[in-house]
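Understanding the architecture of this molecule
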Amino acid sequence: MRAFNIFAFLFLAVLISNSHGGVNIFLNISCVEFNATLSTPIYETPKAAMRECVEQDSCIGFKKTSEYGYQTLRGLTGYVINEASEDNYLWDQTGGEIFPNQPNELEYAIFFAIFKNGNECPLRFAVDGTLCRGNTAISKDICDTFPSYMVPQWDGTTCFVVQKQTILNQWA
Ligand SMILES: *[C@@H]1O[C@H](CO)[C@@H](O)[C@H](O)[C@H]1NC(C)=O
Ligand SMILES: *[C@@H]1O[C@H](CO)[C@@H](O)[C@H](O)[C@H]1NC(C)=O
(Lines give C-alpha, C1' and ligand atoms only; values in the text may rest on other atoms or scores of the structure.)
(Ligands and ions follow the chains in the order given, each with its own letter.)
Protein backbone atom coordinates (compact mmCIF):
# COMPACT_ATOMS: atom_id res chain seq x y z
CA MET A 1 0.00 0.00 0.00
CA ARG A 2 2.88 2.35 0.75
CA ALA A 3 4.31 1.93 -2.73
CA PHE A 4 0.94 2.62 -4.28
CA ASN A 5 0.62 5.85 -2.33
CA ILE A 6 4.02 7.03 -3.46
CA PHE A 7 3.14 6.50 -7.09
CA ALA A 8 -0.32 7.96 -6.79
CA PHE A 9 1.03 11.48 -6.52
CA LEU A 10 4.30 11.33 -8.36
CA PHE A 11 2.88 10.89 -11.83
CA LEU A 12 3.11 14.12 -13.73
CA ALA A 13 2.16 14.35 -17.36
CA VAL A 14 4.19 16.32 -19.86
CA LEU A 15 2.67 16.76 -23.31
CA ILE A 16 4.41 17.05 -26.65
CA SER A 17 3.21 16.68 -30.22
CA ASN A 18 5.07 14.70 -32.85
CA SER A 19 5.68 15.54 -36.49
CA HIS A 20 2.37 13.87 -37.42
CA GLY A 21 0.46 16.25 -35.16
CA GLY A 22 -0.52 13.64 -32.55
CA VAL A 23 -0.26 14.49 -28.87
CA ASN A 24 2.01 12.31 -26.77
CA ILE A 25 2.03 12.09 -23.01
CA PHE A 26 5.15 11.43 -20.98
CA LEU A 27 4.74 10.38 -17.37
CA ASN A 28 7.36 11.97 -15.17
CA ILE A 29 7.79 9.24 -12.57
CA SER A 30 9.76 9.58 -9.37
CA CYS A 31 10.96 6.83 -7.02
CA VAL A 32 11.57 4.27 -9.76
CA GLU A 33 14.36 3.43 -12.17
CA PHE A 34 13.65 1.69 -15.43
CA ASN A 35 15.45 -1.40 -16.68
CA ALA A 36 15.98 -0.37 -20.27
CA THR A 37 18.81 0.39 -22.69
CA LEU A 38 20.15 3.95 -22.79
CA SER A 39 20.78 5.45 -26.21
CA THR A 40 24.00 7.44 -26.55
CA PRO A 41 22.95 10.85 -27.89
CA ILE A 42 22.62 13.34 -25.05
CA TYR A 43 19.97 16.06 -25.24
CA GLU A 44 20.16 19.22 -23.17
CA THR A 45 16.49 19.56 -22.27
CA PRO A 46 13.59 17.22 -21.52
CA LYS A 47 11.77 18.72 -24.48
CA ALA A 48 14.59 17.88 -26.89
CA ALA A 49 14.68 14.29 -25.59
CA MET A 50 10.89 13.99 -25.94
CA ARG A 51 10.98 15.35 -29.50
CA GLU A 52 13.55 12.72 -30.40
CA CYS A 53 11.73 9.94 -28.55
CA VAL A 54 8.41 10.43 -30.33
CA GLU A 55 10.15 10.00 -33.70
CA GLN A 56 11.74 6.65 -32.71
CA ASP A 57 9.67 3.47 -32.90
CA SER A 58 11.65 1.72 -30.19
CA CYS A 59 11.81 4.63 -27.71
CA ILE A 60 9.92 4.02 -24.45
CA GLY A 61 10.94 7.19 -22.63
CA PHE A 62 14.04 8.97 -21.41
CA LYS A 63 15.86 9.88 -18.24
CA LYS A 64 18.03 12.62 -16.85
CA THR A 65 21.58 11.25 -16.74
CA SER A 66 23.54 14.40 -15.85
CA GLU A 67 22.86 18.00 -14.85
CA TYR A 68 22.07 19.10 -18.41
CA GLY A 69 21.80 15.71 -20.05
CA TYR A 70 18.82 13.57 -21.06
CA GLN A 71 19.05 10.24 -22.87
CA THR A 72 16.33 8.19 -24.52
CA LEU A 73 15.56 4.59 -23.53
CA ARG A 74 14.46 1.48 -25.41
CA GLY A 75 13.80 -2.17 -24.64
CA LEU A 76 12.02 -1.71 -21.30
CA THR A 77 11.87 -4.93 -19.26
CA GLY A 78 10.93 -3.68 -15.80
CA TYR A 79 11.74 -1.24 -13.06
CA VAL A 80 13.11 -1.07 -9.54
CA ILE A 81 11.93 1.15 -6.71
CA ASN A 82 14.45 3.80 -5.71
CA GLU A 83 12.98 6.54 -3.57
CA ALA A 84 15.84 8.93 -4.43
CA SER A 85 15.24 8.65 -8.15
CA GLU A 86 13.71 11.54 -10.11
CA ASP A 87 13.37 12.59 -13.72
CA ASN A 88 12.42 9.29 -15.30
CA TYR A 89 9.99 9.81 -18.16
CA LEU A 90 7.82 7.05 -19.57
CA TRP A 91 6.07 7.59 -22.91
CA ASP A 92 2.44 6.76 -22.10
CA GLN A 93 1.23 3.93 -24.34
CA THR A 94 -1.85 3.02 -22.32
CA GLY A 95 -4.46 4.60 -24.57
CA GLY A 96 -6.72 5.28 -21.60
CA GLU A 97 -8.43 1.88 -21.55
CA ILE A 98 -9.03 0.72 -17.98
CA PHE A 99 -9.05 -2.99 -17.09
CA PRO A 100 -11.11 -3.92 -14.00
CA ASN A 101 -8.43 -6.14 -12.46
CA GLN A 102 -5.30 -4.31 -13.54
CA PRO A 103 -2.62 -3.74 -10.90
CA ASN A 104 -1.75 -0.19 -9.85
CA GLU A 105 -1.29 2.69 -12.28
CA LEU A 106 2.45 2.28 -12.47
CA GLU A 107 2.31 -1.44 -13.37
CA TYR A 108 -0.30 -0.65 -15.97
CA ALA A 109 1.84 2.05 -17.62
CA ILE A 110 4.97 -0.13 -17.45
CA PHE A 111 3.12 -3.05 -19.05
CA PHE A 112 2.07 -1.08 -22.13
CA ALA A 113 5.58 0.35 -22.49
CA ILE A 114 7.11 -3.16 -22.37
CA PHE A 115 4.74 -4.18 -25.19
CA LYS A 116 5.14 -0.89 -27.03
CA ASN A 117 6.00 -2.59 -30.33
CA GLY A 118 2.35 -3.68 -30.60
CA ASN A 119 3.20 -7.39 -30.71
CA GLU A 120 2.25 -10.22 -28.39
CA CYS A 121 5.88 -10.34 -27.21
CA PRO A 122 8.27 -7.61 -26.02
CA LEU A 123 11.20 -6.33 -28.09
CA ARG A 124 13.87 -9.07 -28.47
CA PHE A 125 11.28 -11.84 -27.89
CA ALA A 126 9.47 -14.10 -30.39
CA VAL A 127 6.24 -16.07 -30.04
CA ASP A 128 6.95 -19.65 -28.95
CA GLY A 129 3.75 -21.64 -28.45
CA THR A 130 1.74 -19.84 -25.79
CA LEU A 131 4.84 -18.04 -24.46
CA CYS A 132 7.43 -15.51 -25.65
CA ARG A 133 11.02 -16.68 -26.06
CA GLY A 134 13.86 -14.18 -25.52
CA ASN A 135 16.77 -13.93 -27.92
CA THR A 136 20.40 -14.19 -26.81
CA ALA A 137 20.43 -10.50 -25.76
CA ILE A 138 18.13 -11.44 -22.86
CA SER A 139 20.41 -12.68 -20.08
CA LYS A 140 19.21 -14.24 -16.84
CA ASP A 141 19.74 -10.88 -15.08
CA ILE A 142 17.54 -9.08 -17.60
CA CYS A 143 14.99 -11.91 -17.48
CA ASP A 144 14.66 -11.41 -13.74
CA THR A 145 13.73 -7.73 -14.18
CA PHE A 146 10.36 -8.48 -15.82
CA PRO A 147 7.33 -7.85 -13.59
CA SER A 148 6.10 -10.96 -11.76
CA TYR A 149 2.76 -10.94 -13.63
CA MET A 150 4.77 -11.68 -16.81
CA VAL A 151 6.00 -14.86 -15.07
CA PRO A 152 9.63 -14.62 -16.28
CA GLN A 153 11.29 -18.05 -16.38
CA TRP A 154 14.91 -18.88 -17.10
CA ASP A 155 15.49 -22.44 -18.34
CA GLY A 156 19.28 -22.28 -18.10
CA THR A 157 19.85 -20.68 -21.50
CA THR A 158 16.71 -18.80 -22.51
CA CYS A 159 14.19 -16.41 -20.97
CA PHE A 160 10.46 -17.01 -21.35
CA VAL A 161 7.59 -14.67 -20.44
CA VAL A 162 3.83 -14.92 -21.00
CA GLN A 163 2.17 -13.12 -23.92
CA LYS A 164 0.42 -9.77 -23.77
CA GLN A 165 -3.10 -11.13 -24.27
CA THR A 166 -2.63 -13.71 -21.51
CA ILE A 167 -2.03 -10.87 -19.06
CA LEU A 168 -4.84 -8.69 -20.41
CA ASN A 169 -7.24 -11.64 -20.02
CA GLN A 170 -6.32 -11.80 -16.33
CA TRP A 171 -6.92 -8.07 -15.94
CA ALA A 172 -10.28 -8.13 -17.80
C1 LIG B 1 9.88 15.84 -13.33
O2 LIG B 1 9.86 15.62 -11.95
C3 LIG B 1 11.03 16.05 -11.27
C4 LIG B 1 10.91 15.64 -9.82
O5 LIG B 1 9.70 15.97 -9.26
C6 LIG B 1 11.18 17.56 -11.46
O7 LIG B 1 12.37 18.00 -10.81
C8 LIG B 1 11.25 17.88 -12.95
O9 LIG B 1 11.31 19.28 -13.16
C10 LIG B 1 10.04 17.32 -13.67
N11 LIG B 1 10.22 17.50 -15.11
C12 LIG B 1 9.38 18.19 -15.90
C13 LIG B 1 9.73 18.27 -17.35
O14 LIG B 1 8.36 18.71 -15.49
C1 LIG C 1 17.75 -2.82 -13.23
O2 LIG C 1 17.80 -1.47 -12.86
C3 LIG C 1 18.46 -1.22 -11.62
C4 LIG C 1 18.36 0.27 -11.36
O5 LIG C 1 18.82 1.03 -12.42
C6 LIG C 1 19.92 -1.69 -11.69
O7 LIG C 1 20.53 -1.53 -10.43
C8 LIG C 1 19.95 -3.14 -12.11
O9 LIG C 1 21.29 -3.52 -12.30
C10 LIG C 1 19.18 -3.32 -13.39
N11 LIG C 1 19.21 -4.74 -13.78
C12 LIG C 1 19.50 -5.10 -15.02
C13 LIG C 1 19.58 -6.57 -15.24
O14 LIG C 1 19.68 -4.31 -15.92
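The name given to the protein in an unreviewed UniProt entry is PAN-3 domain-containing protein, with the source organism recorded as Panagrolaimus davidi.

**With respect to the pattern of salt bridges**
Evaluated as defined, the whole model comprises two salt bridges. With a closest N to O distance of 2.7 Å, R133 and D128 form a salt bridge. Its salt-bridge partner being K140, residue D144 comes within 3.0 Å of it at the nearest N-O pair.

**Digging into the site of ligand 2**
Around ligand 2, a shell composed of E33, N35, V80, D141, I142 and T145 is seen. Contacts to ligand 2 include E33, whose side-chain N or O atom sits 2.9 Å from an oxygen atom. Protein contact buries 51% of the 370 Å² of open area that ligand 2 shows by itself. Taken together, the residues of the shell around ligand 2 break down into two nonpolar, two polar and two charged. Residues lining the shell around ligand 2 come from more than one domain, with at least three contributed by each of domain 1 (1-116) and domain 2 (119-172).

**Comments concerning unusual backbone geometry**
Positive phi is not limited to glycine here, since C31 has a value of about 75°. Among the structural elements, C31 can be located in the loop between β2 (23-29) and β3 (32-38). Of the residues examined, C31 reaches a relative accessible area of 8% and is grouped as buried. With phi around 60°, D87 is a residue other than glycine that occupies positive phi space. In this fold, D87 is placed in the loop between β5 (69-81) and β6 (88-91). Exposure remark for D87: the relative accessible area of 18% places this residue in the buried category.

The rules we used
Residues numbered from 1 in each chain as written. Chains lettered and ligands numbered in written order. Predicted model: local features only at pLDDT ≥ 70, side-chain atom pairs only at ≥ 80, totals over all residues. Heavy atoms only, no water. Salt bridge = Lys/Arg side-chain N within 4 Å of Asp/Glu carboxyl O. Near = heavy atom within 4 Å. Polar contact = N/O pair within 3.5 Å; in protein donor to acceptor, adjacent residues only side chain to side chain. Areas by Shrake-Rupley, 256 points an atom, 1.4 Å probe, with all protein chains shown as cover. Nonpolar A, V, L, I, M, F, W, Y, C, P; charged D, E, K, R; others polar. Domains from an automatic or database assignment. Helix = DSSP H or I, 4+ residues; strand = E, 2+ residues; numbered from the N terminus. Buried < 20%, exposed > 50% of the residue type's maximum accessible area, 1.4 Å probe, protein only.

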